[in-house]
There are 2 protein chains.
Amino acid sequence: MASKKFNNVYLKDYFSLVGPLEKDGLLNNYDLAIDDYYYGEKTFEQAEIKMQQVVVDNILNYNKLTDSKIDLLIGGDLINQISISSYNAARFRIPYLGIYSACASFCEELILGATFISGKLAKRVVGVTSSHNLNAERQFRYPVEYGAVKKHTTTFTATGAVATILTNEQSNIKIESATIGESVDMGVKDVNNMGAVMAPAAVKTLVTHLTEMKRNANYYDLILTGDLGLVGREIFLEMLDKVHDIKLKKYMDAGCEIYTNSQDTYAGASGPIALPLVLFDKILNSRKYKKILIIATGSLQSVTMANQKLGIPGIAHAVSLEVL
Amino acid sequence: MASKKFNNVYLKDYFSLVGPLEKDGLLNNYDLAIDDYYYGEKTFEQAEIKMQQVVVDNILNYNKLTDSKIDLLIGGDLINQISISSYNAARFRIPYLGIYSACASFCEELILGATFISGKLAKRVVGVTSSHNLNAERQFRYPVEYGAVKKHTTTFTATGAVATILTNEQSNIKIESATIGESVDMGVKDVNNMGAVMAPAAVKTLVTHLTEMKRNANYYDLILTGDLGLVGREIFLEMLDKVHDIKLKKYMDAGCEIYTNSQDTYAGASGPIALPLVLFDKILNSRKYKKILIIATGSLQSVTMANQKLGIPGIAHAVSLEVL
């Protein structure tokens, strides 16, 4: 079974920080915004480490928790060796597990945190993830100073960091269940079309979730995918319809909900923070939705494998949230 | 609490593959050995993906299991975006979680697998990890063809792959408990001295484990650290003695048990497979030890951060095994 039902796992709190472009976009209810991509540091990578530190510091402070009250810190990001998360973890005295599923990392963190709590092996777990446009560009593509031309299928890595606290104490948001996705390689080789890489993985995870949990898509008040973007979103909806005869009515993709049309971000936002930013800002904050299925999506590409002309695997992990 | 006690988690089986140098070294009881660093593939990275595939295929076949009987595949490796593991995972139809803690990844996989099984969220979990000397060298340092001079503190990334199956069905090896380590940055900046980076993390994890589990070091028939190597091993033992007044009597470091003195591997073996290769080959196979504490150690370095002259965080995760 890819799907898991959790016992007594709750989302206690979340905290978000966004970058300059995200501040000027469609989001309103983030907790902090920065105007400077360096964030007072010497390099963009060190800025991203500080972004992670600030969201973890803040979520602990707001909840009057110190390091010793947290059983586990789970971190992941896009930078080689997930070094943003590992370097940030060194600033805390909390047991640390590093994870990687590219832009699906947010859901992987929730699933692992929920597994520890559900099995009574932890009481409080902090998850943190981040992305920084200029770090991702220079690592995966080109430094933005080169001015490389972008394809319309390209997504734009959002800048920001998010932290969550999961606990076994009841809050108004329950982590009800989850479905762990498979690594799915459909032979797509275009690193500038991550939507096409991830859409089949998202379809597979959603269909598995609904089948194993014996639910239909209308069970959820909202299904929110991670960062398929304008192109991946259409492939996702078409595959669901044509292959599985599922027509989604209450659906949103986080990649399409962060930037305005005039912000020139091609096919929309990507990055592991895209889904949580929209979830925190637009979905949970609206109090309009009770049953929410989030499906974070990741393109498991690397420069090395792309240079070797291999297909790119995609992955998607789903988490069911109940607002009580 | 960094330490966790598991309910009904057993190591059902393990499978190992080693490279040419490892075959000629001190190990005897690996399952497969390869003579060709390309393993019949076009690139070293594709060879490493095949190595992972072969160990997973074999462990499933030997145990008469198919993909659908495995609830979860956990994978991690040293290559950017853990692409070896993610590309290998695409060859199976098993839900997949990617993890990263450098050479501590083997223990992270055991801990996560045990957490799913202990909490009754999975029945069978396969873990896989690998390293390939020529991939690690060209990614972290220089392609070996450059003939860069090595310092005596340098460890030699071992070539190989290992797979494990954890289950809730009793076998003769119990996964009894574990301690999740912290990311520890002592300011060491020398990427050619990973032993010095990892030793303080190993000390911290061991002391935490003994304290939280109310055990002294003699409780264990053997304490086996991951890949500290000749240099890190001495720092580890000295810190334990001088700072914590702990003198280890029944101790071994896997990094010192893979190559012969004449193999010219500087300070010994490293890589996420170093510890499991010695555990499978020398420790479990000998049937001499009942209570074993393995402490896998990782240097969380990256080329990007090393170029920015930051200190390197180390990490160590401990798992207690009981041979029944």
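Here, every reference points to the structure presented above.
The shown structure was predicted, so the numbers you read here are calculated from the model rather than taken from an experiment.

## What about the interface of chain A and chain B?
Each side of the interface is counted separately: chain A has 49 residues, and chain B has 48 residues. If you list the elements that add at least two residues to the side of chain A that touches chain B, you get α2 (44–62), α3 (83–89), β5 (96–98), α4 (105–118), β10 (184–185), α9 (303–307) and β15 (313–323) of chain A. Looking at the side of chain A that touches chain B element by element, the count peaks at 5 residues for α4(A). Grouping the constituent residues of the side of chain A that touches chain B by class yields 25 nonpolar, 17 polar and 7 charged.

## Details of the packing of helix α6 (residues 194–212) of chain B against helix α7 (residues 229–244) of chain B
Residue and element names in this part refer to chain B. In the contact formed by α6 and α7, the axes pass within 8 Å of each other and the chain directions differ by 40 degrees. In terms of orientation, α6 and α7 fall into the oblique class. Taken as a pair, α6 and α7 cross one another with a handedness that is right-handed. Contact with α6, carried on its side by Gly 195, Ala 196, Met 198, Ala 199, Pro 200, Ala 202, Val 203 and Val 207, involves Gly 229, Val 231, Gly 232, Arg 233, Ile 235, Phe 236, Met 239, Leu 240 and His 244 of α7 and no other residues of that element. A breakdown of the residues in the contact of α6 with α7 according to their chemical character gives 12 nonpolar, 4 polar and 1 charged.

## Thoughts on the nonpolar core
Soluble globular proteins tend to bury their nonpolar side chains together. Among the nonpolar cores identified, the biggest contains 224 residues, and A:Ile294 and B:Ile294 are the most heavily contacted of them. Excluding residues within four positions of it along the chain, B:Ile294 makes contact with B:Cys107, B:Leu224, B:Leu275, B:Leu279, B:Ala318, B:Val319 and B:Leu321.

## Overview of the relation of the copies chain A and chain B
Screw-axis analysis of chain A against chain B gives a translation of 0.0 Å along the axis, an RMSD of 0.0 Å, and a rotation angle of 180 degrees. On this basis, the relationship between the two copies can be described by a two-fold rotation axis. The residues that chain A uses at the interface reappear at the interface of chain B in 98% of cases, marking a shared surface.

## Observations regarding the pairing of strand β15 (residues 313–323) of chain B
Taken residue by residue, a regular strand's side chains alternate between the two faces of the sheet. All names here are of chain B. For β15, a buried count of 9 out of 11 residues is recorded, marking the element as mostly surrounded by other parts of the structure. In terms of strand pairing, strand β9 (residues 173–179) meets β15 through 6 bridges, oriented antiparallel. The partner of Ile 175 across the bridge, within β15, is Leu 321. Looking at chain direction, strand β10 (residues 184–185) and β15 are connected through 2 bridges and run antiparallel. Note on β15: the bridge partner recorded for Asp 185 is Pro 313. As defined by bridge partners, strand β14 (residues 291–299) adjoins β15 across 9 bridges and the pair is classed as antiparallel. Bridge pairing in β15 links Thr 297 to Ala 316.

Calculation notes
Residues numbered from 1 in each chain as written. Chains lettered and ligands numbered in written order. Predicted model: local features only at pLDDT ≥ 70, side-chain atom pairs only at ≥ 80, totals over all residues. Contact = placed C-beta atoms within 7 Å. Helix = DSSP H or I, 4+ residues; strand = E, 2+ residues; numbered from the N terminus. Nonpolar A, V, L, I, M, F, W, Y, C, P; charged D, E, K, R; others polar. Axes fitted to C-alpha atoms, helices over the stretch in contact; angles between N-to-C directions. Parallel < 35°, antiparallel > 145°, perpendicular 65-115°, else oblique. Left-handed = near helix turned anticlockwise from the far one by under 90°. Core = buried A, V, L, I, M, F, W, Y, C linked by C-beta atoms within 7 Å. Buried ≥ 20, exposed ≤ 12 C-beta atoms within 10 Å, placed from the backbone. Least-squares fit on C-alpha atoms with pLDDT ≥ 70 in both. Pairing = 2+ DSSP bridges.

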